[in-house]
Protein chains: 2
Amino acid sequence: MENFSYYTPTRVVFGRAAEEQTGELVKAQGCSKVLLHYGGGSAERSGLLGRIRQSLDQAGVSYVSLGGVVPNPRLSLVYEGIDLCRREGVDFLLAVGGGSVIDSAKAIGYGVADGGEVWELYEKKRRAKGCLPIGTVLTISAAGSEMSNSSVITNEDGWLKRGYNDDISRPKFAVMNPELTMTLPKYQTASGCVDIMMHTMERYFNQSGNMELTDGISEHLIRTVMKNARILMDDPDNYEARAEVMWAGSLSHNGLTGCGTDGGDWASHQLEHELGGMFDVAHGAGLAAVWGSWARYVMDARPERFAQFAVNVMGAEPGADDTETALRGIQAMESFYRAVGMPVCVKDMGIEMTEAQMRELAEKCSHFGKRTIGCVKKLDQEDMYQIYRNARD
Amino acid sequence: MENFSYYTPTRVVFGRAAEEQTGELVKAQGCSKVLLHYGGGSAERSGLLGRIRQSLDQAGVSYVSLGGVVPNPRLSLVYEGIDLCRREGVDFLLAVGGGSVIDSAKAIGYGVADGGEVWELYEKKRRAKGCLPIGTVLTISAAGSEMSNSSVITNEDGWLKRGYNDDISRPKFAVMNPELTMTLPKYQTASGCVDIMMHTMERYFNQSGNMELTDGISEHLIRTVMKNARILMDDPDNYEARAEVMWAGSLSHNGLTGCGTDGGDWASHQLEHELGGMFDVAHGAGLAAVWGSWARYVMDARPERFAQFAVNVMGAEPGADDTETALRGIQAMESFYRAVGMPVCVKDMGIEMTEAQMRELAEKCSHFGKRTIGCVKKLDQEDMYQIYRNARD
């Protein structure tokens, strides 16, 4: 077991009609001007943004608006947000949306409070000096950004998708009404579920002696998401299932499922970031497309861990040895992906990767040969290429 | 499933040598003078207090000291602490010890920042206007006060033991080194484990439709504590087992195991508070002594829930109906209590309750007939008397 720290200061307000409390929650932060940050038209069309504006008005909170966040949120809009906040004297960010909107808000928050070039943080050149306080109204269960310290931004100059983690960006509050996720298309719901599962799986597959308490919480969380993802494919308006998935999304990425570990592997996420940067695929779908290839490539480094996962999470029958059991678990996970309409290779997303593209993905993912990724097995540029190659079709 | 809020702002620093960071953690709070609050001689003799003082000195933190906290912490010492803090201009409380020390610090914190009569809070006459910020160095895994919003104080005038819950008292940080708990006597270790389990069991036995995610976390937490409590009876220096129990202690009372529920029953805790007030027994032992009696008294109100507990937590074979299964679970829990040296009735603690004492306990617990307790089944003064009566021997 490893020493660890755990810090989840976000106040969660969870349940039906939770968004009605938004104005009061913002007001309690004692800010003078708010940036209302959101994505496309769906939050507007559904009436959610109207209700949020009403709630802010009723609380007497002054705000300016910036919409237009897209999946794989862009650096250009972050710059626009930073300028707007400076011009308007914004001192609090309210993100209404999913992980992309919240991540965009975090980047804006860094940019305003830090004062320097924000992309340098995502390039890991230095740490942020500060971040504006952030509140969130969650509309997509997936990224866990509503409680996490992480954000991922895509720089259109080179289509580089990079993450930056810092506790100072953990949101002050998260308003979570599962009903707000009921209108999501099946594909996006399933993609979100994969993302949630992967946040725990990345931590679960590690190189440390594990904490029993954390293992059991993690295994139960993944099983619960799988069960409820299947329910939502047939019954998207099921409140209980939406709620299980939504709360799992927060717990999966707030640090809880990493306590006592070395932090986890995260290679699948890094492999997917390049896919997302190059092909703009849904993040969870991209993760599903590379995970099986990654798992088969690294499982020999910790077959006993993959076997535990197979039995405790996937309900696989133990095989003749850990390797056989591990493979059954990987196959069972791929069956689950298929069952909820997720890809198990890149071709399943309608993308035929060329040899040159796979080489470029590996080159970018390895920062041009300058870094390895993963901890179950350390992966260099050639390993990354092989995993993309095996994930092709 | 119920709407819920979740708020755990405490920064946890967990693992070997964690206490060395205490000075820096206090300094980061930006306070000018600290009250170092602790219990009896063990923290002094073990050298822990010396190391904490050294850490404070190295960080350049100024402090005054107040020791002498006893189990079932007393209101008189709280008053003394409030006076000392006012005299010395203390603006941060550092509690080094277990739940009693942390609870005492919380009461002092309320008293100083609130300005009014602190006992009125514990009498539920009003809410606190404020609380001094608190940090903790944990030495006993039990109460969960290091992350919780609760504190329990005993008023020597009438030996009334009362709790008060308020989010403003949640500690800013918790330093948790499992090694610090290795010197605890077996009885105290087991008593702590029962307290931890009960914080989740009180939430688990409720009247609401439950959240699957919370149920599984709760069931795994209780199983993990039971397993590791047994290990510690033979191997008190087992770091991994100490760590599992310590982290379970925090998660069990920080709110996680209540998410999506109606808050839980809590009757066993309230019944025990009166026992603790009258006989000064160890809190966990007192809980073990009344739980079986409580469970048998109320199980008919939710037999299916007790049956789920029996199967998923206690590993009981299902009986002919839920009632039979439920009883098997209760018996299995009592067998566990015995196995770790805990009582299953009040007589097991060497106390022969008289008829008059049981009547007095029920009278106090019902606030002289003015309140009911519990939610699985609402209990009035006569119910309380019957439960004490059945728990006698």
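Residues numbered from 1 in each chain as written. Chains lettered and ligands numbered in written order. Predicted model: local features only at pLDDT ≥ 70, side-chain atom pairs only at ≥ 80, totals over all residues. Heavy atoms only, no water.

Draft legend 1. The relation of the copies chain B and chain A, seen in detail. By a simple turn and slide, chain B fits onto chain A: the slide is 0.0 Å along the axis, the RMSD is 0.0 Å, and the turn is 180°. A rotation of that kind, with that shift, is consistent with a two-fold axis. Taking C-alpha positions as reference, the residue of chain B nearest the rotation axis is B:Pro9, located at 1.9 Å. Mapped onto chain A, 100% of the interface residues of chain B are again interface residues, and the two copies thus contact each other with one and the same surface. (Least-squares fit on C-alpha atoms with pLDDT ≥ 70 in both. Contact = heavy atoms within 4.5 Å.)

Draft legend 2. Helix H14 (residues 355-365) of chain A, seen in detail. Residues and elements named next belong to chain A. Listing the buried residues of H14 in full gives Met358, Leu361, Ala362, Lys364 and Cys365. Buried positions in H14, seen along its axis, are confined to an arc of 165° and lie on one side of it. In this structure, the buried side of H14 is in contact with strand S7 (160-165), helix H10 (267-279) and helix H15 (381-390). (Buried < 20%, exposed > 50% of the residue type's maximum accessible area, 1.4 Å probe, protein only. Helix = DSSP H or I, 4+ residues; strand = E, 2+ residues; numbered from the N terminus. Arc of directions from axis to C-beta.)

Draft legend 3. Inspection of H10(A) at higher detail. All names here are of chain A. Here H10 is 13 residues long and its end C-alpha atoms lie 18 Å apart, about the 18 Å a rise of 1.5 Å per residue gives. Most of H10 is tucked away: 10 of the 13 residues are buried. Taken residue by residue, H10 has Ala267, Ser268, His269, Leu271, Glu272, His273, Glu274, Leu275, Gly276 and Gly277 as its buried positions. For H10, the elements touching its buried residues are strand S6 (150-155), S7, helix H7 (186-204), helix H11 (283-298), H14 and H15. Immediately beyond the C-terminal end of H10, within one or two residues, lies Asp280, with a positive phi of roughly 55°. (Expected span 1.5 Å × (residues − 1).)

Draft legend 4. Spatial organisation of the pairing of S6(A). Residue and element names in this part refer to chain A. Counting buried positions over the six residues of S6 gives six, a clear majority of the element. The alternating pattern of S6 places Ser150, Val152 and Thr154 and Ser151, Ile153 and Asn155 on opposite faces, both of which are buried. As defined by bridge partners, S6 adjoins S7 across six bridges and the pair is classed as antiparallel. What sits directly across from Asn155, in S7, is Leu160. (Pairing = 2+ DSSP bridges.)

Draft legend 5. Quick look at the packing of aromatic side chains. Within the structure shown, the criterion is met by 37 aromatic pairs over all chains. These aromatic residues form a ring-pair network of at least three members: A:Tyr204, A:Phe205, A:Trp291, A:Trp294, A:Phe306, A:Phe309, A:Phe336 and A:Tyr337. Here the basic side chain of A:Arg359 rests over the ring of A:Tyr385, its NZ or CZ set 3.5 Å away from the ring centre. Its guanidinium or amino end placed over the ring of B:Tyr297, B:Lys377 lies 5.2 Å from that ring's centre, counting from NZ or CZ. (Phe/Tyr/Trp six-rings, centres within 6.5 Å; stacked < 30°, edge-to-face > 60°. Lys NZ or Arg CZ within 6 Å of the ring centre and 35° of its normal.)

Draft legend 6. Focus on the state of the cysteines. By the definition in use, this model includes zero disulfides over all chains. A disulfide-free cysteine, A:Cys365 has its sulfur positioned 15 Å from the sulfur of A:Cys375, the nearest such atom. Here B:Cys345 stays free of any disulfide, with the sulfur of B:Cys365 as its closest cysteine sulfur at 19 Å. (Disulfide = S-S within 2.5 Å.)

Draft legend 7. Inspection of the interface of chain B and chain A at higher detail. Tallying the contact residues gives 37 residues for chain B and 37 residues for chain A. Contact between chain B and chain A buries roughly 3,400 Å² in total, counting both sides, with carbon and sulfur atoms accounting for 58%. There are four salt bridges connecting chain B and chain A. A salt bridge links A:Lys227 to B:Glu212, with the shortest nitrogen-to-oxygen separation between them at 2.8 Å. Summed over the shared surface of chain B and chain A, the number is 19 residue pairs in polar contact (both at pLDDT 80 or more). Of all elements in the fold, only strand S1 (4-14), helix H8 (212-234) and helix H9 (239-251) of chain B reach the threshold of two or more residues within the side of chain B that touches chain A. Looking at the side of chain B that touches chain A, the element that brings in the most residues is S1(B), giving 11 residues. Looking at side-chain class alone, the side of chain B that touches chain A contains 20 nonpolar, 10 polar and seven charged residues. Here seven bridges tie strand S1 (residues 4-14) of chain A to S1(B), and the two strands are oriented antiparallel to one another. (Buried area = accessible area lost by both parts, 1.4 Å probe. Salt bridge = Lys/Arg side-chain N within 4 Å of Asp/Glu carboxyl O. Polar contact = N/O pair within 3.5 Å; in protein donor to acceptor, adjacent residues only side chain to side chain. Nonpolar A, V, L, I, M, F, W, Y, C, P; charged D, E, K, R; others polar.)

Draft legend 8. The arrangement of unusual backbone geometry in detail. Residues and elements named next belong to chain A. The phi torsion at Trp159 lies on the positive side, around 50°, for a residue other than glycine. Locating Trp159 in the fold gives a position in the loop between S6 and S7. Residue Trp159 is classed as partly exposed on the basis of its relative accessible area of 38%. Residues other than glycine seldom take positive phi values, yet Trp266 does so here, at roughly 70°.

Draft legend 9. Structural view of the nonpolar core. A:Trp247 and B:Trp247 are the most contacted members of the largest nonpolar core, which has 224 residues in total. Other than its neighbours up to four places away in sequence, A:Trp247 contacts A:Val12, A:Phe14, A:Met147, A:Met176, B:Phe4, B:Tyr6, B:Met211, B:Leu213 and B:Cys259. (Core = buried A, V, L, I, M, F, W, Y, C linked by side-chain atoms within 4.5 Å.)

Draft legend 10. Seen up close, the pattern of salt bridges. Evaluated as defined, the whole model comprises 44 salt bridges over all chains. Residues B:Glu360 and B:Lys364 are paired through a salt bridge, measuring 3.4 Å at the closest nitrogen-oxygen approach. Placement of both B:Glu360 and B:Lys364 in helix H14 (residues 355-365) is noted, with a separation of four residues, approximately one turn of the helix. Since its relative accessible area comes to 32%, B:Glu360 is described here as partly exposed. The class of B:Lys364 is buried, set by a relative accessible area of 12%. A single network of salt bridges, built from pairs that share partners, joins A:Arg11, B:Asp167 and B:Arg170.

Draft legend 11. Broad picture of the sheet that holds strand S2 (residues 34-38) of chain B. Strand order in the open sheet made by the 12 strands is S3(A)-S2(A)-S4(A)-S5(A)-S8(A)-S1(A)-S1(B)-S8(B)-S5(B)-S4(B)-S2(B)-S3(B), with mixed pairing throughout. Looking at the sheet topology across the chains shown, the edges are occupied by strand S3 (63-66) of chain A together with strand S3 (63-66) of chain B. Strand-to-strand twist across the sheet, computed as the mean angle between neighbouring axes with direction ignored, equals 25°. Here S2(B) pairs with S3(B) via four bridges, running parallel. Bridge assignment links B:Leu36 to a residue of S3(B), and that residue is B:Ser65. Strands in contact with helix H5 (residues 99-114) of chain B are S2, S3, strand S4 (92-97) and strand S5 (134-138) of chain B; relative to S4(B), the strand with the most contacts, it is inclined by about 165°. (Axes fitted to C-alpha atoms, helices over the stretch in contact; angles between N-to-C directions.)

Draft legend 12. Structural context of the pairing of strand S4 (residues 92-97) of chain A. Residues and elements named next belong to chain A. Among the six residues that make up S4, six are buried, leaving the element largely enclosed by the rest of the structure. Residues Phe92, Leu94 and Val96 line one face of S4 and the alternating positions Leu93, Ala95 and Gly97 line the opposite face, and both faces are buried. Bridge analysis of strand S2 (residues 34-38) against S4 gives five bridges, and the strand direction is parallel. Looking across to S4, one finds that Leu35 is bridged to Leu93. Across five bridges, the pairing between S4 and strand S5 (residues 134-138) is parallel. Bridge pairing links Leu93 to Ile134 in S5.

Draft legend 13. Summary view of the environment of A:Pro133. The residue A:Pro133 is located in the loop between helix H6 (119-122) and S5 in this model. Contacts of A:Pro133, omitting those with residues within four sequence positions, involve A:Asp91, A:Phe92, A:Leu93 and A:Lys172.

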